[in-house]
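# Geometric and topological summary
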Amino acid sequence: QQQVKQSPQSLIVQKGGISIINCAYENTAFDYFPWYQQFPGKGPALLIAIRPDVSEKKEGRFTISFNKSAKQFSLHIMDSQPGDSATYFCAASRGGGTSYGKLTFGQGTILTVHP
Amino acid sequence: NAGVTQTPKFQVLKTGQSMTLQCAQDMNHNSMYWYRQDPGMGLRLIYYSASEGTTDKGEVPNGYNVSRLNKREFSLRLESAAPSQTSVYFCATHSAGNTIYFGEGSWLTVV
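First, a word on scope: everything that follows refers to the structure included in this document.

Reading the values: the criteria
Residues numbered from 1 in each chain as written. Chains lettered and ligands numbered in written order. Predicted model: local features only at pLDDT ≥ 70, side-chain atom pairs only at ≥ 80, totals over all residues. Heavy atoms only, no water. Contact = heavy atoms within 4.5 Å. Buried area = accessible area lost by both parts, 1.4 Å probe. Salt bridge = Lys/Arg side-chain N within 4 Å of Asp/Glu carboxyl O. Polar contact = N/O pair within 3.5 Å; in protein donor to acceptor, adjacent residues only side chain to side chain. Helix = DSSP H or I, 4+ residues; strand = E, 2+ residues; numbered from the N terminus. Nonpolar A, V, L, I, M, F, W, Y, C, P; charged D, E, K, R; others polar. Buried < 20%, exposed > 50% of the residue type's maximum accessible area, 1.4 Å probe, protein only. Pairing = 2+ DSSP bridges. Core = buried A, V, L, I, M, F, W, Y, C linked by side-chain atoms within 4.5 Å. Phe/Tyr/Trp six-rings, centres within 6.5 Å; stacked < 30°, edge-to-face > 60°.

As a further point, take the interface of chain B and chain A. Every contact between the two is made by 21 residues of chain B and, on the other side, 18 residues of chain A. Of the roughly 1,700 Å² buried between chain B and chain A, counting both surfaces, carbon and sulfur atoms make up 57%. Our count for the chain B to chain A interface comes out at one salt bridge. Ionic pairing is found between Lys42 of chain A and Glu104 of chain B, a salt bridge with its closest N-O pair at 3.2 Å. On inspection of chain B and its partner chain A, the count reaches six residue pairs in polar contact (both at pLDDT 80 or more). Only β4 (31–37), β5 (43–49), β9 (87–94) and β10 (100–102) of chain B provide two or more residues apiece to the side of chain B that touches chain A. With four residues, the top contributor of residues to the side of chain B that touches chain A is β4 of chain B. Residue composition of the side of chain B that touches chain A, grouped by class: eleven nonpolar, eight polar and two charged.

And the structure:
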């Protein structure tokens, strides 16, 4: 069964701290690993994504670390801000045309950043 | 640029009733998807369409039907709604740059 397991379910961080969310996958055919941010009442929005040919990708305060041998990837949010408070989802899919959008999602992490 | 538009935003149905969720995109994307989101389970793929006139089942297709009548529109139909179909439904499209764009969701309650 294709699964993506995400932890923790919820996370509380102080402003300026580092938020870390972890995901593990089972299907070695996955080759596209995005992270989505979702605010209440809104649809998920792409935050950052990585392919397995690199071990790390950084965009501003957001970094994905990828460990292919362990089948794990994580999201690091540096200098966390109250505006980062949202639900974060990791996901995975097999590449190639329409298959990119056939995402398997993790269960989600509710991040709260206290001022 | 509206992106991905879903209607209705909220709907309450009685068990056994039917309804159609509408999705329209103005980004000229070929691929479109329907997901449902339930608490603690992330999003799960119901159906998808690689192009106009084609549809395929996703992870949880039972109880649903879809129609891709043209490039812009992809509808999701519940023929006989059940309480287990109470969920938030998201339509999405896939750009050539491999970004998936989601609509704002349709909240469906079946009583």
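Following the structure, the description resumes.
With that out of the way, let us pick up the pairing of strand β9 (residues 86–92) of chain A. Residue and element names in this part refer to chain A. With six of seven residues buried, β9 is to be regarded as a mostly interior element. Sheet analysis places strand β4 (residues 33–38) next to β9, joined by four bridges and oriented antiparallel. Of the residues in β9, the one forming a bridge with Gln38 is Thr87. Examined bridge by bridge, β9 and strand β11 (residues 109–114) share three bridges and lie antiparallel to one another. If you follow Tyr88 over to β11, its bridge partner there is Thr109. Pairing analysis gives two bridges linking β9 to strand β10 (residues 104–105), with the strands arranged antiparallel. What sits directly across from Ala91, in β10, is Phe105.

Take the nonpolar core next. It is characteristic of soluble globular proteins that their nonpolar side chains tend to be buried jointly. The biggest cluster of nonpolar side chains holds 24 residues, and the ones touching the most others in it are Phe33, Trp35, Phe73, Leu75 and Tyr88 of chain A. In terms of residues, this core owes the most to one element, β9 of chain A, which gives four residues. Residues contacting Leu75 of chain A, with those up to four places away along its chain left out, are Ser19, Ile20, Ile21, Trp35, Leu47, Ile48, Phe62, Thr63 and Tyr88 of chain A. Counting 20 residues, the second largest nonpolar core, distinct from the first, contains Leu13, Met32, Trp34 and Ala81 of chain B.

The description of an aromatic ring pair uses the distance of the two centres, along with the angle that the planes make with each other. Taken as a whole, this structure holds 19 aromatic pairs over all chains when the rule is applied. Considering the side-chain rings of Phe10 of chain B and Trp107 of chain B, the 5.7 Å spacing of their centres and the 40° angle between planes classify their relative orientation as tilted. Note that Phe10 of chain B is positioned in strand β2 (residues 10–13) and Trp107 of chain B in strand β11 (residues 106–110), a separation of 97 residues in sequence. Seen from their ring centres, Tyr33 of chain B and Tyr48 of chain B are 6.4 Å apart, and the 25° between their planes marks the pair as stacked. With a gap of 15 residues between them, Tyr33 of chain B in strand β4 and Tyr48 of chain B in strand β5 connect regions that are remote in the sequence. Clustering of aromatic rings is evident, with ring pairs tying together Tyr36, Phe89 and Phe105 of chain A together with Tyr33, Tyr35, Tyr48, Phe90 and Phe102 of chain B.

Another aspect to go through is the pattern of salt bridges. Taken as a whole, this structure holds eight salt bridges over all chains when the rule is applied. Arg36 of chain B is the partner of Asp38 of chain B in a salt bridge, and the nearest nitrogen-oxygen pair spans 2.9 Å. Comparing Asp38 of chain B with Arg36 of chain B, the two get one shared label, buried. Linking Asp38 of chain B and Arg44 of chain B is a salt bridge whose minimum nitrogen-to-oxygen distance equals 2.8 Å. Overall, the relative accessible area of 10% leaves Asp38 of chain B in the buried class. With a relative accessible area of 18%, Arg44 of chain B lands in the buried category. Within this structure, Lys42 of chain A together with Lys9 and Glu104 of chain B form a network of salt bridges that share partners.

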